[in-house]
Amino acid sequence: MKNGKKLESFNVKLKEILNTRFLGISKGAQRVLDIISMFYDKAPYEYIKLLSNMEDDELLDILDELIYKFILTETKKKIYFINLPTKS
């Protein structure tokens, strides 16, 4: 993870939140998340498109799905960030 902590160090509630957020996403969305997770902090659209080998319309639909589920955030420059839940 970004701050160097391993998933095992998170409490059970946080693990449940992560599992719930990713439940029910499409195979394409899982594939795009795998690609985005290779980037340290942000993933430019052009790189995601190149690595996914998807057409614009398909990729944009998937990115919209992930944004709608609050898994990704988009900047004005088409750079995507994975949203991690914060501890309450």
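Coordinates for the structure precede this section.
Residues numbered from 1 in each chain as written. Predicted model: local features only at pLDDT ≥ 70, side-chain atom pairs only at ≥ 80, totals over all residues. Heavy atoms only, no water.

A. Broad picture of helix H2 (residues 27-36). Those residues of H2 that sit buried are Gly28, Ala29, Val32, Leu33, Ile35 and Ile36. One face of H2 carries all of its buried residues, which in axial projection span an arc of 155°. Residues Lys27 and Asp34 are exposed on H2 and point more than 90 degrees away from its buried face. (Buried < 20%, exposed > 50% of the residue type's maximum accessible area, 1.4 Å probe, protein only. Helix = DSSP H or I, 4+ residues; strand = E, 2+ residues; numbered from the N terminus. Arc of directions from axis to C-beta.)

B. Structural view of the sheet that holds strand E1 (residues 43-44). With antiparallel pairing, 3 strands are arranged side by side in an open sheet as E1-E3-E2. Every other strand in the sheet has two partners, leaving E1 and strand E2 (72-74) as the edge strands with one partner each. In the sheet, E2 pairs with strand E3 (residues 79-82) via 3 bridges, with the strands oriented antiparallel. Note that in E3 the partner of Glu74 across the bridge is Tyr80. Along the sheet, H2 contacts E1, E2 and E3; its crossing angle with E3, the most-contacted strand, is approximately 95°. (Pairing = 2+ DSSP bridges. Contact = heavy atoms within 4.5 Å. Axes fitted to C-alpha atoms, helices over the stretch in contact; angles between N-to-C directions.)

C. Structural context of the packing of aromatic side chains. For the structure on display, the rule yields 1 aromatic pair. A centroid spacing of 6.0 Å and a plane angle of 20° characterise the contact between Phe39 and Tyr47, whose relative ring orientation is stacked. Judged by relative accessible area, which is 46%, Tyr47 ranks as partly exposed. (Phe/Tyr/Trp six-rings, centres within 6.5 Å; stacked < 30°, edge-to-face > 60°.)

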